[in-house]
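Overview (structure and organization)
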Amino acid sequence: MLKNTGIPTRDDLKQIYPSAERLAQGPVAIIECFQRIPCNPCATACRRGAILPFEDINNRPQLAAERCNGCALCVASCPGLAIFVLDMTYDDDNALLKIPYEFLPLPKVGATVAALNRAGEKIGTGTVIQVQNPPVFDRTAIIHLVVTKDLAHEVRNIMVEDEANEA
Ligand code: SF4
Ligand code: SF4
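These lines cover the structure that appears in this document, whether it is placed above or below. (Residues numbered from 1 in each chain as written. Chains lettered and ligands numbered in written order. Predicted model: local features only at pLDDT ≥ 70, side-chain atom pairs only at ≥ 80, totals over all residues. Heavy atoms only, no water.)

1. Looking at the overall build of the chain
- Scanning the chain from terminus to terminus reveals five helices and seven strands.
- Ordering the α and β elements of the chain from the N terminus gives α-α-α-β-α-α-β-β-β-β-β-β.
- Expected size for 167 residues packed as a compact globule is a radius of gyration near 15 Å; at 15 Å, the chain falls within 12% of this value.
- With 167 residues in all, the chain has 46% of them scored as buried.
- If you take every contact in the chain between residues at least 6 apart in sequence, the share linking residues at least 24 apart comes to 58%.
- Of the roughly 9,100 Å² of accessible surface on the chain, a fraction of 50% belongs to carbon and sulfur atoms. (Helix = DSSP H or I, 4+ residues; strand = E, 2+ residues; numbered from the N terminus. Rg over C-alpha atoms; globule rule 2.2 N^0.38 Å. Buried < 20%, exposed > 50% of the residue type's maximum accessible area, 1.4 Å probe, protein only. Contact = heavy atoms within 4.5 Å. Areas by Shrake-Rupley, 256 points an atom, 1.4 Å probe, with all protein chains shown as cover.)

Listed below in structure tokens is the structure:
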């Protein structure tokens, strides 16, 4: 139960997940925002109109996936860390995730880090290939993480396990 655990169920995710056809076309935002709350910076951050204007600020965000290019501006703008970008076309075996991250130290580019699921459990490892942390992101860094495709729909956070991998 999402309300009790904060962890979306498969049925919750089915409501918001981009179609298999859209995922096969390249990077796209996945908006795991399930509560009605007065919040809309994701929509105002998107320069492509891919997150539809809110008629009521309490509404949940609606993605027009065909307009999204996976730029991740909405990822950095979301105070709830509820948005991710997934690119299932990264290469034959691997997917790229863009994950919001607010812990310090940040991971180093090239680091192998623990890949965590929505419950915070380690389910594998991933490789950090980019860390975006410009001042305009206001201390919400975006970690570009490569994971094997079988993990891509489950990994939603990372943990830096080794000081050698800390920036
Ligand atoms: S990833 Fe970029 S294009 Fe897609 S919804 Fe977010 S801000 Fe808009
Ligand atoms: S900014 Fe984040 S928490 Fe706020 S409505 Fe958008 S997805 Fe939900």
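2. Points about the site of ligand 1
- Taken together, Cys46, Arg48, Ala50, Ile51, Leu63, Cys68, Asn69, Gly70, Cys71, Ala72, Leu73 and Cys74 make up all the residues around ligand 1.
- When the residues that make up the shell around ligand 1 are grouped by side-chain class, the tally is nine nonpolar, two polar and one charged. (Near = heavy atom within 4 Å. Nonpolar A, V, L, I, M, F, W, Y, C, P; charged D, E, K, R; others polar.)

3. Focus on the packing of aromatic side chains
- Following the criterion strictly, the structure yields one aromatic pair and no others.
- With 5.6 Å between their ring centres and 65° between their planes, Tyr101 and Phe103 make a pair best called edge-to-face.
- Residue class for Tyr101 comes out buried when judged on its relative accessible area of 6%.
- Judged by its relative accessible area of 54%, Phe103 is exposed.
- In this structure, Arg156 packs its charged tip against the face of Phe84, placed 5.2 Å from the ring centre. (Phe/Tyr/Trp six-rings, centres within 6.5 Å; stacked < 30°, edge-to-face > 60°. Lys NZ or Arg CZ within 6 Å of the ring centre and 35° of its normal.)

4. Digging into the pattern of salt bridges
- Per the counting criterion, the structure on display carries seven salt bridges.
- Here Lys14 and Asp11 are joined by a salt bridge, their closest N and O atoms 3.8 Å apart. Placement of both Lys14 and Asp11 in helix H2 (residues 10-16) is noted, with a separation of three residues, approximately one turn of the helix.
- In this structure Lys14 comes out as exposed when scored by relative accessible area, which is 64%.
- Looking at Asp11, the relative accessible area reads 52%, which means it is exposed. (Salt bridge = Lys/Arg side-chain N within 4 Å of Asp/Glu carboxyl O.)

5. Here's the deal with the pairing of strand E5 (residues 122-132)
- Where strand E4 (residues 112-116) lies against E5, five bridges are found, and the strand directions are antiparallel. Paired with Leu116 across the bridge in E5 is Lys122.
- Where E5 and strand E6 (residues 141-148) come together, five bridges link them in antiparallel fashion. Looking across to E6, one finds that Gln130 is bridged to His144. (Pairing = 2+ DSSP bridges.)

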